[in-house]
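# Breakdown of the fold
Chain residues, written in single-letter form:
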Amino acid sequence: MKFYIRLTAIMLSLLFVCLCLFACEKEKKQGKVIVTEKEFWLDEYGKVTLSLNVKGKIKNAGDVDVKNIVVTGQCKTCGEVLISGRWFVSDTEKLPEQKDIINFLPAGAEEQFQFKGIAYFFTKAGETPSANPEGLEVFIESFEVVEK
């Protein structure tokens, strides 16, 4: 009987030591992607509509490589109704032209992005907006960390 108690105590001790060793996980490195530059410009989007487009740069400020980075934007102050002389956005899901996807970005690297249709301006003949709308935002929608 003493043999089984000793054997059980040894096995439990070994199990406890193994659990302690495997529970110590290495700290996972995280990816961090930021928008470093952005520039807006207008382009004709049909006869009576102007499209506000954006280009710029993003940087991988994290410790690991990232992939499938989706860059997009929004106008928080633009309405959803088509009114002449006002900025508007559509309330539908983003079209492929309204976002840019960057396949791979190594740690510390920078890459350019460009997409169209962050906001639209419905115009009468020859009318142009005096300024870009307030509340423009360009952001990283999603990305994946590259596992090594």
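Here goes a summary of the coordinates provided.

How each quantity is defined
- Residues numbered from 1 in each chain as written.
- Predicted model: local features only at pLDDT ≥ 70, side-chain atom pairs only at ≥ 80, totals over all residues.
- Heavy atoms only, no water.
- Salt bridge = Lys/Arg side-chain N within 4 Å of Asp/Glu carboxyl O.
- Helix = DSSP H or I, 4+ residues; strand = E, 2+ residues; numbered from the N terminus.
- Buried < 20%, exposed > 50% of the residue type's maximum accessible area, 1.4 Å probe, protein only.
- Lys, Arg positive; Asp, Glu negative; His and termini not counted.
- Polar contact = N/O pair within 3.5 Å; in protein donor to acceptor, adjacent residues only side chain to side chain.
- Contact = heavy atoms within 4.5 Å.
- Pairing = 2+ DSSP bridges.
- Axes fitted to C-alpha atoms, helices over the stretch in contact; angles between N-to-C directions.
- Phe/Tyr/Trp six-rings, centres within 6.5 Å; stacked < 30°, edge-to-face > 60°.
- Lys NZ or Arg CZ within 6 Å of the ring centre and 35° of its normal.

### Brief notes about the pattern of salt bridges
Scanning the model with the defined rule gives two salt bridges in all. One salt bridge connects K67 with E144, and the closest N-O pair in it is separated by 4.0 Å. Separated by 77 residues along the polypeptide, K67 in strand β3 (residues 66-75) and E144 in strand β7 (residues 136-145) bring together distant segments of the chain. E144 gets classed as partly exposed once you look at its relative accessible area, which sits at 39%. Residue K76 is joined to E137 by a salt bridge in which the shortest nitrogen-to-oxygen separation is 3.2 Å. Within this pair, whereas K76 is found in the loop between β3 and β4 (87-88), its partner E137 is found in strand β7, the two being separated by 61 residues in sequence.

### A closer look at the side chain of D100
The topology assignment puts D100 in strand β5 (residues 99-105). For the buried D100, no salt bridge exists, and the shortest N-O distance to an oppositely charged side chain is 11 Å, to K99. Within the structure, the side chain of D100 is placed 3.0 Å from the backbone nitrogen of Q114, a separation counted as a polar contact. Ignoring anything within four residues of it in the chain, the contact list for D100 reads I69, V70, V71, Q112, F113, Q114 and F115.

### A word on the environment of A109
By secondary structure assignment, the location of A109 is in the loop between β5 and β6 (110-122). Taking relative accessible area as the criterion, A109 reaches 21% and is therefore assigned partly exposed. Taking C-alpha positions, A109 is 5.7 Å from N60, a pair spaced 49 residues apart along the chain. The residues touching A109, leaving out its near neighbours within four places in the chain, are I58, K59 and N60.

### Focus on the sheet that holds β3
Across the sheet, three strands lie side by side as β5-β3-β7; this open sheet has antiparallel pairing. If you trace the sheet from one side to the other, it starts and ends with β5 and β7, each paired once. Recorded for the sheet is a direction-independent mean angle of 20° between the axes of neighbouring strands. Summarising the sheet, β3 and β5 pair through six bridges and their orientation is antiparallel. Paired with V71 across the bridge in β5 is D100.

### Digging into the packing of aromatic side chains
Summed over all chains, the structure comprises three aromatic pairs. Here F113 and F115 contribute two aromatic rings whose centre-to-centre distance is 6.0 Å and whose plane-to-plane angle is 25°, an arrangement assigned as stacked. We classify F113 as buried; its relative accessible area is 3%. Positioned over the ring face of W41 is K55, at 5.8 Å from the centre of the ring.

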